[in-house]
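As a plain string of letters, each chain reads:
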Amino acid sequence: MNVREQNNGLPDAEVAALARESASELARLLAEKPEAERAQVRMDGTDLIVPRQAVSLLRDILAQMAQGNAVTIVPTHAELSTQEAASILNVSRPFVIKLLEQGEIPFRKAGTHRRIRYEDLMRYKARMDSDSREAMDALAAQAQKLDMGY
């Protein structure tokens, strides 16, 4: 199996419904058994023992599928291309290159290609999300102060 296996197909209604039921059941089991460190999974007559972290991750994947979203798993130590980074940030590739050249996100060059560590990209995204929340809070406070009815 590859380090990263990607399937960009969106789940159909039947798959989304099954994912919803499974995510709900896994969430219930995880809540009922907080001390459990492992889970037994049966697939095609074969029993597997998996760590709790894998079950939690599966629950999160199923929840996304239930909402009709495609899911890609990226190891935190992975390096991304500028196009992959742009897709994660939901911006254009030239915008990502501009961020890299301005020093907003660390990167390295492999020949002529720029490579971005997933951890660095997520750190940038968290910083931008935090800045956005702060700006929204400031706007909401200003609207309250001006009695704009928000």
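Since the structure is predicted, the reported quantities are computational estimates derived from the model, not experimental observations.

A look at helix H2 (residues 52-66)
(1) Moving on: Helix length check: H2 (15 residues) gives 21 Å between terminal C-alpha atoms against 21 Å at 1.5 Å per residue, within 8%.
(2) Moving on: Where H2 is concerned, the buried positions are Val 55, Ile 61, Leu 62 and Ala 66. Seen along its axis, H2 keeps its buried residues to an arc of 135°; they face one direction.
(3) Moving on: The inward-facing, buried residues of H2 abut helix H1 (13-32), strand S1 (38-43) and strand S2 (46-51).
(4) Moving on: Gly 68, located one to two residues past H2, shows a positive phi value of around 85°.

Things to note about the side chain of Asp 120
(1) Moving on: Of note, Asp 120 is situated in helix H5 (residues 118-145).
(2) Moving on: Of the residues examined, Asp 120 reaches a relative accessible area of 11% and is grouped as buried.

Considerations on the sheet that holds strand S3 (residues 79-80)
(1) Moving on: Spatially, S3-S5-S4 is the arrangement adopted by the 3 strands of the open sheet, whose pairing is antiparallel. The open sheet is flanked by S3 and strand S4 (108-110), the only strands paired with a single partner.
(2) Moving on: By the bridge criterion, 3 bridges tie S4 to strand S5 (residues 113-117) in an arrangement that is antiparallel. Paired with Ala 110 across the bridge in S5 is His 113.
(3) Moving on: The strands touched by H5 are S3 and S5; relative to S5, the strand with the most contacts, the crossing angle is about 70°.

Basis of the calculations
- Residues numbered from 1 in each chain as written.
- Predicted model: local features only at pLDDT ≥ 70, side-chain atom pairs only at ≥ 80, totals over all residues.
- Heavy atoms only, no water.
- Helix = DSSP H or I, 4+ residues; strand = E, 2+ residues; numbered from the N terminus.
- Expected span 1.5 Å × (residues − 1).
- Buried < 20%, exposed > 50% of the residue type's maximum accessible area, 1.4 Å probe, protein only.
- Arc of directions from axis to C-beta.
- Contact = heavy atoms within 4.5 Å.
- Pairing = 2+ DSSP bridges.
- Axes fitted to C-alpha atoms, helices over the stretch in contact; angles between N-to-C directions.

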